[in-house]
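Spelled out from the first residue to the last, the chains are:
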Amino acid sequence: MSAAASTFAQKAQSHRFYDSTIGKKAVMAVTGAILFGFVVVHMLGNLQVYFGPEKINAYGELLHSSPGLLWTARLILLTSVVLHIVAALQLAALNKKARPVGYVRKKNIASTYASRTMLVSGPIIFFFLVYHLLHFTTGQAHPNFRAGDVYHNVIAGFQQPAASIAYIVAMILLVNHLHHGVWSMFQSLGLNHPRYMPWLRRFSAAAAILIGVGNISIPVSVLAGLLQ
Amino acid sequence: MKLILHIWRQKNQASPGKMVRYEVEANEHMSFLEMLDVLNENLIAKGEEPVAFDHDCREGICGSCGFMINGVAHGPLPNTTVCQLHMRHFKSGDELYLEPWRAAAFPVIKDLVVDRSAFDRIIAAGGYISVATGSAPDGNAIPVRKQDADLAMDAAQCIGCGACVAACPNASASLFMAAKITHLGLLPQGQPERKERVLKMVAAANRELFGSCTNIGECEAVCPKGIRMEFIGRMNRDYLNASFTYQEEKEMAGVG
Ligand code: HEM
Ligand code: FES
């Protein structure tokens, strides 16, 4: 009897957890951390384009060499994206209801631009993500896609200025999102301490900018003719 | 000094309100509320309804006063309630917009007065400690680490004015709750109810339709008592810990 009673209690508690705003924020933070980790590794992978076709094509092959692992990773990322977005939209709806009548005058005196525009940068990054997958992973949005020839796909893809501009804009928004998001996830999970927070904010800004610069350098190099 | 005021006038909860323009002659020694007192005397003399605003101690400790001045809760001076804000911080000719706190949880009762009983219900849900009343316990009978006592005192500064909610773009009560949860959670007397406290207070705030925290920091910038966002992190930590380790009360305990 007591076992049944306690599983009931735990289930009720887990429901209550996600029902709460702090619970939803924790889900956003954990999924945000997974996506941040992915973005860092992905950028490091992308930079191999500077070492020439053999290197980056071999890297692409390596990633595809064990389908089990690849699909596990993809499943984790997909789940994270879905949970991150669902929680973000649910919280946004709650927050809108929390202030039905706005101010005639309202001044922001402490918050950063990045922190106030998470709901703008986030959705645009999502649409970019869909385009990016159709462009470099499945090829439907690519002018001249060759399966397995990562180097060729990147160079040919970015030789179209419109595509390069879309990537650059999306990366600027990603910098914006992570500028606030990285330190925010620590705060949301209660992993905060006054001694470390100033450094965490600097780390957040630096990590965001490095990811942006690393990724943006590739379309810029292609357009400038440095990579061909 | 002459001021141009645009004030939110609303007869009662049911009727719609609007901004109304007034001019008032004040001097720099007055507090902001005294300047409004002058305006109200003029209005009464003219047979008009005076502007309703909340106030009590007028010395920055009770938490009654508060409204927006040009989009900033309690006005432009940091760490100051509007009753402690003096007119020397303004200059003649200034145009000021005065609006009530805006939140679904804080309905406007009249003009600049809002109903903040949602805060009372959050406190009633868990923002207390249970003690045996009667004879007072010996002072210092329970040792408290100095650093914890100091931090608990910092959190205990919260006067529950609601400026954090008013400044937050999500009308979140996180800074208020975090102050109470930190204050009680740091002290030995707060330990027995620590997990229930955070679970119940957060659930109560969500029921009252306060929004969620997006860690943007507008709240701590307007808090007249300097409550810090660091406490919101503590509340999050307490909440996650309580969520994962909380056990419902057993019908019969101690029987193995
Ligand atoms: C590469 C993709 C993405 C990464 C790496 C990422 C990362 C993060 C991180 C680390 C946070 C901080 C979480 C927290 O404050 O606890 C965050 C917050 C947020 N993300 Fe994302 N995110 C991504 C995509 C998206 C997308 C597609 C959306 C679309 C709706 C989105 C919407 C948001 C919003 C609205 C917040 C703020 C939540 C809040 O302040 O309450 N993100 N993101
Ligand atoms: S009237 Fe008491 S704090 Fe302002």
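Everything quoted here is computed from the prediction, not taken from an experiment. Residue positions are given per chain, counted from 1 along the sequence in the order it is written. A letter from A marks each chain and a number from 1 marks each ligand, given out in the order of writing. Two thresholds apply to this predicted model, a pLDDT of at least 70 for residue-level local features and 80 or more for giving and counting side-chain atom pairs, whereas whole-chain, interface and lining totals are computed over all residues. To obtain the side-chain values, all non-hydrogen atoms of the structure were used and water was disregarded.

The contact criterion used throughout is that any non-hydrogen atoms of two residues lie within 4.5 Å. Tallying the contact residues gives 39 residues for chain A and 48 residues for chain B. Both sides of the chain A and chain B interface together cover about 3,600 Å² of buried area, and 55% of this is carbon and sulfur. Here the quantity called buried area is the total loss of accessible area, with a 1.4 Å probe, experienced by two parts when brought into contact, counted for both. Broken down residue by residue, the surface that chain A buries against chain B is led by Ile22, Tyr103 and Arg105 of chain A, which jointly contribute 17%. We define a salt bridge as a side-chain nitrogen of Lys or Arg found within 4 Å of a carboxyl oxygen belonging to Asp or Glu. Viewed at the interface, chain B and chain A are joined by 0 salt bridges. Between N or O atoms, a polar contact is any pair within 3.5 Å; within protein, one atom must be a potential hydrogen donor and the other a potential acceptor, and residues adjacent in sequence are included only when both atoms are from side chains. If you look at where chain A meets chain B, you find 28 residue pairs in polar contact (both at pLDDT 80 or more). Secondary structure elements are taken from DSSP: a helix is a run of H or I of four residues or more, a strand is a run of E of two residues or more, and numbering for both begins at the N terminus. Contributing elements (two or more residues each) for the side of chain A that touches chain B: helix H1 (2-19), helix H2 (21-46), helix H4 (67-98), helix H5 (113-116) and helix H8 (161-188) of chain A. Just so you know the grouping, Ala, Val, Leu, Ile, Met, Phe, Trp, Tyr, Cys and Pro go in nonpolar, Asp, Glu, Lys and Arg go in charged, and all remaining residues, Gly too, go in polar. Its residues assigned to classes, the side of chain A that touches chain B comprises 15 nonpolar, 15 polar and 9 charged.

Let's shift gears to the coordination of the iron atom of ligand 1. Residues and elements named next belong to chain A. Nitrogen, oxygen and sulfur within 2.8 Å of a metal are treated as its donors, or within 3.2 Å for sodium, potassium and calcium (Na, K, Ca); water is not counted, so a site can appear incomplete. Protein ligation of the iron atom of ligand 1 involves His84 (NE2) and His177 (NE2), the donor distances falling in the range 2.1 Å. Here the iron atom of ligand 1 binds 6 donor atoms, and the angle range of 84 to 180° at the metal identifies the geometry as octahedral. Remark: His177 occurs in helix H8 and His84 occurs in helix H4; sequence separation between them is 93 residues. Judged by relative accessible area, His84 falls into the buried class, the value being 16%. The classification of residues rests on relative accessible area computed with a 1.4 Å probe and restricted to protein chains. Under 20% of the type maximum is buried, over 50% is exposed, and intermediate values are partly exposed. In this structure His177 comes out as buried when scored by relative accessible area, which is 13%. Between 85 and 135 degrees for all angles marks four donors as tetrahedral; over 155 degrees for opposite donors together with 65 to 115 for all other angles marks four donors as square planar and six as octahedral; every other arrangement is irregular.

A separate point is the nonpolar core. By size, the foremost hydrophobic cluster in this structure holds 61 residues, and its most contacted members are Ile122, Val165, Phe210 and Met235 of chain B. Domain limits in this description derive from either an automatic procedure or a database domain assignment. Counting contributing residues, this core receives three or more from each of domain 1 (2-109) and domain 2 (116-132 + 141-252) of chain B. By size, the runner-up hydrophobic cluster in this structure holds 28 residues, among which are Val49, Ile125, Met185 and Leu227 of chain A. Among buried residues, those of type Ala, Val, Leu, Ile, Met, Phe, Trp, Tyr and Cys that are joined through side-chain atoms within 4.5 Å constitute a nonpolar core.

Right, let's get into the confidence of the model for chain A. Here pLDDT means the predictor's own confidence in every residue, given as a number from 0 to 100. Within chain A, residue pLDDT values average 94, and 94% of them lie at 70 or more. The low-confidence segment residues 1-8 of chain A (pLDDT under 50) makes 0 contacts with residues lying over four places distant or belonging to another chain.

We now examine the confidence of the model for chain B. Chain-level statistics for chain B give a pLDDT mean of 95 and a share of 98% at 70 or above. For this predicted complex, the interface score ipTM comes out at 0.92, alongside a pTM of 0.93.

Residues and elements named next belong to chain A. Being near a molecule or strand, for a residue, means having at least one of its heavy atoms within 4 Å of it. Around ligand 1, the surrounding shell holds 24 residues, and the nearest of these are Lys25, His84, His177, Ser184 and Ser188. His84 places a polar side-chain atom, nitrogen or oxygen, 2.7 Å from a nitrogen atom of ligand 1. Here an oxygen atom of ligand 1 and a side-chain polar atom of Ser188 are 2.7 Å apart. Put simply, the parts of the chain that give the shell around ligand 1 at least two residues each are H2, H4, helix H6 (118-137) and H8.

Given a helix with a known number of residues, its expected span is that number minus one, times 1.5 Å. Its 28 residues place the ends of H8 of chain A 39 Å apart at the C-alpha level, agreeing with the 40 Å of an ideal helix rising 1.5 Å per residue. When the local axis directions of H8 of chain A are compared, the greatest deviation, roughly 30°, occurs at Leu178 of chain A. Fitting one axis to the seven residues ending at a residue and another to the seven starting there, the bend at that residue is the angle between the two axes.

Centre distance and the angle of the planes are the two values used to describe a pair of aromatic rings. Residues and elements named next belong to chain A. Between the rings of Phe, Tyr and Trp (Trp by its six-membered ring), a pair exists once the centres lie within 6.5 Å; its type follows the angle of the planes, with under 30 degrees stacked, over 60 edge-to-face, and the other angles tilted. What the rule picks out here adds up to 14 aromatic pairs over all chains. Between Phe126 and Phe127, the ring centres sit 5.6 Å apart and the planes meet at 65°, which makes this aromatic pair edge-to-face. According to the relative accessible area criterion, Phe126 is partly exposed, its value standing at 33%. Between the aromatic rings of Phe158 and Tyr167, the centroid separation amounts to 4.9 Å while the plane-to-plane angle is 85°, which identifies the pairing as edge-to-face. Accessibility classification places Phe158 together with Tyr167 in one group, the buried group. Whether a charge lies above a ring is judged from NZ of Lys or CZ of Arg, which has to be within 6 Å of the ring centre and within 35 degrees of the ring normal. Sitting over the face of the ring of Trp183, Arg201 holds its NZ or CZ atom 4.0 Å from the ring centroid.

Residues and elements named next belong to chain B. Buried residues dominate strand S1 (residues 2-9), accounting for 7 of its 8 residues. Pairing between strands is defined by DSSP: at least two bridges between them are needed. Strand direction decides the pairing type here: S1 and strand S2 (residues 18-25), joined by 8 bridges, are antiparallel. Each bridged residue has a counterpart across the sheet, and for Leu3 the counterpart in S2 is Val24. Pairing analysis gives 4 bridges linking S1 to strand S5 (residues 95-99), with the strands arranged parallel. Bridge pairing links Leu5 to Leu96 in S5.

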